[in-house]
Amino acid sequence: MPHSTVVNGVSDGTQHTSPTVIETPLLIVGAGPAGAALACFLSHPPYSMTGIMIAAAPTTSDTPRAHITNPAALECLRDIGLEKQCLSQAVEGDCMTHTRWCHDMTGEEYGRIYSWGNDPKRRGEYDSATPCHHVDLPQTVFEPIVVQRAAAEGWDVRFKTSLLSFEKEADGKILSRVRDDLTKIEYLIRSDYLFGCDGARSQVIRELKIPMIKKPGQGLALNVLVKVDLSDFVEARKGNLHWVFQPDQEYPDFAWSGLIRMVRPWNEWMFILFPKPGAEWKEPTMEQYTQRCKEIVGRDDLPVEVLGVSKWYINEIVAEYYSEGNVFCLGDAVHRHPPFNGLGSNTCVQDAFNLAWKIKYVSQGFASPSILDSYSTERQPVGLGVVTRANQGIRDHVPVWKEMGLMEDTVEKRMAILNSLKDATPEARERRKRVNAAIEGTSHEFHGIGVEMNHRYESSAVYLEDEIKAGREKPEWPEDPILQHKASTYPGHRLPHAWLNKTMPDKEHTSTLDLAGHGSFCLITGIGGDKWIEAAKKVGTELGLDINAYSIGWGQEWVDVYRDWEQRREIEEDGCLLVRPDRFIAWRSMEMASDSEGKLREVLKKVLGRP
């Protein structure tokens, strides 16, 4: 079949017997949070890499689906200088102070819970865990930030371009057939690597036939984007999530309950409506959507404008593995789940951060291709945990609904239970206790810093031999690993955060995280660790690596003025930590080694898979 010659995606109008093949080292399919973040991490210096990023969508997201941006993702964006830009366009955490349960947006409240680090009793845990904090950054705002950065750093970004198929050639390269959906012209792209960041309907996953671990979904949900000014009613009870229940009304089948989410304070909202379980689905009219939204607002005198409606399914799906050869999948392509706990786009960004440095190191000859196998080994367990937790987040709400009578099938039964909560009877007292306990039980969704930060990688890219030889067990997770974060320097854990100062400060304090990362390995030691710093220079030169080395302590380049690093480092002052470019601990020496240079060389070669 003849094809038009395509150069940079534009047809010259002539016919040829075969399509033009465009050569590129990297092809990313999907320009959402996973794909665009991956492009940014790959193109950021040092060892900048660029290629082609395609997306079937006509532009970046037009609906603000994902919105909670957590510290674990912001730490990754901080590494490439994007955190400040994200914060400048985000809604700060004080607009996310509470999650509420209420009759309507302007009326009676049933209860509140602090959320996203705003509980005064828990704020210190968040501050000690990370230099970053939660913000509300809708996907409609975040995606343009990362796509524009990727394009500015050299990526060829092509929207309205679909991946049709791909095959591996004899030399190991990947030949992908794509289509310009505007001109309907098909052409070929040959790449060294292919990255499937193409969401829940991933063509890359289908082509690879990667098995998916599936549990029964929890039904349909509707996103209704609404413009309504609620400034006068929300300012005194701030929150970005509001559960609305109206037991005194007959539930329409398409919206028996609603979760109202702030998009922009306080005049743009996402009304997330849940159809009645078991009811036959009938598409509502725009008038029905508008009427239901007015009922949820609770005031007839407030103008309500429905801007758009979209559907999504509550999935519990994760891929069995994330990569095959030089094809890698990340983001929603491999973990599909509801937005509870706000983990979706954050996990996408972290998938990309884990993978990018490994691709760059292999491409530069610093690491063996075998290190790429560690991507799936490290990130698939994280994805499984995220999918499980997000779905449990929905189930955690069921006790609230049950104890408040909201799941009863008639108005009379619902109101009888709700009204009984005001009684002075022993039965009512016990029910009130159960309601309060049920609301507190949702804290695993709204204050789950543990599930956000408690990641431990176990792979060939983590050196554990010294820990095993010394009989040092893996640190136990906290009693509640969803709610509580465990900082540790045990290999495979993220580098603990602590604020440091220069001996003669020339700016505000600096996090230990800011010493690490930036595309390089980092060695951290203390007083008496001079030989480690010398070894880092020698071994780095020998292996062609940039290894940033720092000493922390009294009279050193960096001073532990708050003494937090002393409490978190878990090594002696003359020991050392070797930190990977993604700020996870690759290895540690509890004290000075007799042959520091030889030991560091051995560890780095093992971690990088080099002979």
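Since the structure is predicted, the reported quantities are computational estimates derived from the model, not experimental observations. Starting afresh in each chain, residues are numbered from 1 along the sequence in its written order. Per-residue local features of the predicted model are confined to residues with pLDDT of at least 70, and side-chain atom pairs are confined, for both listing and counting, to 80 or more; whole-chain, interface and lining totals are unaffected and use all residues. To get the side-chain values, take all heavy atoms of the structure and skip hydrogens and water.

*Asks:* Looking at this model, I keep getting lost on the packing of helix α1 (residues 33–43) against helix α5 (residues 139–152). Mind explaining?
*Replies:* The geometry of a pair of packed helices is captured by two quantities: the angle between their axes and the separation between those axes. Orientation is described by axes fitted as lines to C-alpha atoms, over the contacting stretch for helices, and by angles from 0 to 180 degrees between their N-to-C directions. Secondary structure counts use DSSP, requiring at least four H or I residues in a row for a helix and at least two E residues in a row for a strand, with both numbered from the N terminus. Where α1 meets α5, the closest approach of the two axes is 8 Å, and the angle between their N-to-C directions is 30°. Here α1 and α5 pass one another in a crossing that is left-handed. Residue-level contacts link P33, A36, A37, A39 and C40 of α1 to Q139, F142, E143, V146, V147, R149 and A150 of α5. Asp, Glu, Lys and Arg are counted as charged, while Ala, Val, Leu, Ile, Met, Phe, Trp, Tyr, Cys and Pro are counted as nonpolar; the rest, among them Gly, fall into the polar class. Class assignment for the residues of the contact of α1 with α5 results in nine nonpolar, one polar and two charged. Two helices cross in a left-handed way if the nearer one is turned anticlockwise from the farther one by less than a right angle. They cross in a right-handed way if the turn is clockwise. Should any heavy atoms of two residues lie within 4.5 Å, those residues are considered in contact.

*Asks:* I keep staring at the sheet that holds strand β23 (residues 499–502) and nothing clicks. Help me out?
*Replies:* Across a sheet, strands are paired by hydrogen bonds formed along the backbone, either parallel or antiparallel in direction. The pairing criterion is simple: DSSP has to find at least two bridges between the two strands. Spatially, β24-β23-β27 is the arrangement adopted by the three strands of the open sheet, whose pairing is antiparallel. Only two strands of the sheet have a single partner each, and these edge strands are β24 (510–511) and β27 (558–559). Here β23 pairs with β24 via two bridges, running antiparallel. Residue pairing for β24: L500 is matched across the bridge by T510.

*Asks:* I keep staring at a negative patch on the surface and nothing clicks. Help me out?
*Replies:* Candidate patch residues must exceed 30% relative accessible area and have no salt bridge, after which like charges are joined if within 9 Å and Val, Leu, Ile, Met, Phe, Trp or Tyr side chains if within 5 Å. Using a 1.4 Å probe, the Shrake-Rupley method yields the accessible areas, and only the shown protein chains count as cover for residues. Here a salt bridge means any side-chain nitrogen of Lys or Arg lying within 4 Å of a carboxyl oxygen belonging to Asp or Glu. Positive charges come from Lys and Arg alone, negative charges from Asp and Glu alone, with His and the N- and C-terminal ends not counted. Every charge is mapped to an atom, namely NZ of Lys, CZ of Arg, CG of Asp or CD of Glu. On the surface, a cluster of negative charge is contributed by E566, E572, E573 and E591. Note on placement: E566 falls in helix α19 (residues 564–568). Residue E566 is classed as partly exposed on the basis of its relative accessible area of 48%. Note on classification: 1.4 Å probe, protein chains only; a residue is buried when its accessible area is under 20% of the maximum for its type, exposed when over 50%, partly exposed between these limits.

*Asks:* Would you explain the sheet that holds strand β19 (residues 316–319) in this entry?
*Replies:* Strand order in this open sheet of three strands is β13-β19-β22, and the pairing throughout is antiparallel. Taken across any chain shown, the strands that pair with only one partner, and hence form the sheet edges, are β13 (212–215) and β22 (335–336). For β19 and β22, the ladder comprises two bridges, and the chain directions are antiparallel. Residue pairing in the sheet places V318 in a bridge with H335 of β22. Relative to the sheet, helix α10 (residues 373–395) contacts β13, β19 and β22, its axis offset from that of β19 by approximately 180°.

*Asks:* What is the right way to look at the domain arrangement of the chain in this model?
*Replies:* Interface size, as often reported, equals the accessible area lost upon joining of the parts. In this entry, domain limits derive from an automatic or database-based domain assignment. Domain boundaries in the chain define domain 1 (21–94 + 131–213 + 319–389) and domain 2 (460–608). Relative placement of domain 1 and domain 2: their C-alpha centres are 28 Å apart. If you look at the interface, domain 1 gives 21 residues, while domain 2 gives 26 residues. As used here, buried area is the combined drop in accessible area, with a 1.4 Å probe, of two parts when they are placed together. Between domain 1 and domain 2, roughly 1,900 Å² of surface is buried when both sides are summed, and carbon and sulfur atoms account for 52% of that area. With its nearest N and O atoms 2.8 Å apart, the salt bridge here joins E378 to R580. Here a polar contact means two N or O atoms within 3.5 Å. Within protein one must be a hydrogen donor candidate and the other an acceptor candidate, and residues neighboring in sequence count only if both atoms are side-chain atoms. Our count for the contact surface shared by domain 1 and domain 2 stands at 10 residue pairs in polar contact (both at pLDDT 80 or more).

*Asks:* It is not clear to me how the packing of aromatic side chains should be interpreted in this structure. Could you clarify?
*Replies:* Given two aromatic rings, their pairing is described by the distance between the two centres and the angle made by the two planes. Any Phe, Tyr or Trp ring, taking Trp's six-membered ring, that has another such ring centre within 6.5 Å forms a pair; planes under 30 degrees apart are called stacked, those over 60 apart edge-to-face, and the others tilted. If you walk through the whole model with that rule in mind, you get 24 aromatic pairs. Ring plane angle 15° and centroid distance 5.8 Å describe the contact between W243 and F274, whose orientation is recorded as stacked. Of this pair, W243 sits in strand β15 (residues 239–244) while F274 sits in strand β17 (residues 268–274), and the two are 31 residues apart along the sequence. Overall, W243 belongs to the buried group, its relative accessible area being 1%.

*Asks:* How do you make sense of the nonpolar core when you look at a structure like this?
*Replies:* Soluble globular proteins tend to bury their nonpolar side chains together. Counting 99 residues, the largest nonpolar core has F41, F195, I359, F521 and L604 as its most contacted members. If you count residues domain by domain, this core takes at least three from each of domain 1 (21–94 + 131–213 + 319–389) and domain 2 (460–608). With 32 residues, the next largest nonpolar core counts M96, Y110, F245 and I394 among its residues. Put simply, a nonpolar core is a bunch of buried Ala, Val, Leu, Ile, Met, Phe, Trp, Tyr and Cys residues held in one set by side-chain atoms that sit within 4.5 Å of each other.

*Asks:* Help me understand helix α18 (residues 530–543), please; the structure alone is not making it clear to me.
*Replies:* An α-helix turns once every 3.6 residues. As a result, residues three or four positions apart point the same way. Helix span is expected to be 1.5 Å times the residue number reduced by one. Here α18 is 14 residues long and its end C-alpha atoms lie 20 Å apart, about the 20 Å a rise of 1.5 Å per residue gives. Within the sequence span of α18, burial applies to W532, I533, A535, A536, V539, G540 and L543. In a view along the axis of α18, the buried residues occupy a sector of 160°, so they form one face of it. In α18, the exposed positions angled more than 90 degrees off the buried face are occupied by K531, K537 and T541. Phi for G544, located one or two positions after α18, is positive at around 75°. The directions considered for the arc are those from the helix axis to the C-beta atoms.

*Asks:* Got a minute to help me understand the UniProt feature "domain: FAD-binding" (unreviewed entry) in the chain in this structure?
*Replies:* UniProt positions are given in the numbering used here, feature names are shortened, and annotations may be inferred rather than shown by experiment. The positions UniProt marks with the feature "domain: FAD-binding" (unreviewed entry) are residues 23–389. Secondary structure over residues 23–389 splits into 29% helix and 29% strand, and the C-alpha atoms at its two ends are 41 Å apart.

*Asks:* Can you help me understand helix α8 (residues 286–297) in this one?
*Replies:* Between its terminal C-alpha atoms α8 stretches 16 Å, which fits the 16 Å expected from 12 residues at 1.5 Å a residue. Taken together, the buried positions of α8 are Y289, T290, R292, C293, I296 and V297. Axial view of α8: buried residues confined to an arc of 165°, hence all on one face. Summarising the contacts, the buried residues of α8 are in contact with β14 (220–227), β15, β16 (257–264), β17 and β18 (305–313). Immediately beyond the C-terminal end of α8, within one or two residues, lies G298, with a positive phi of roughly 90°.

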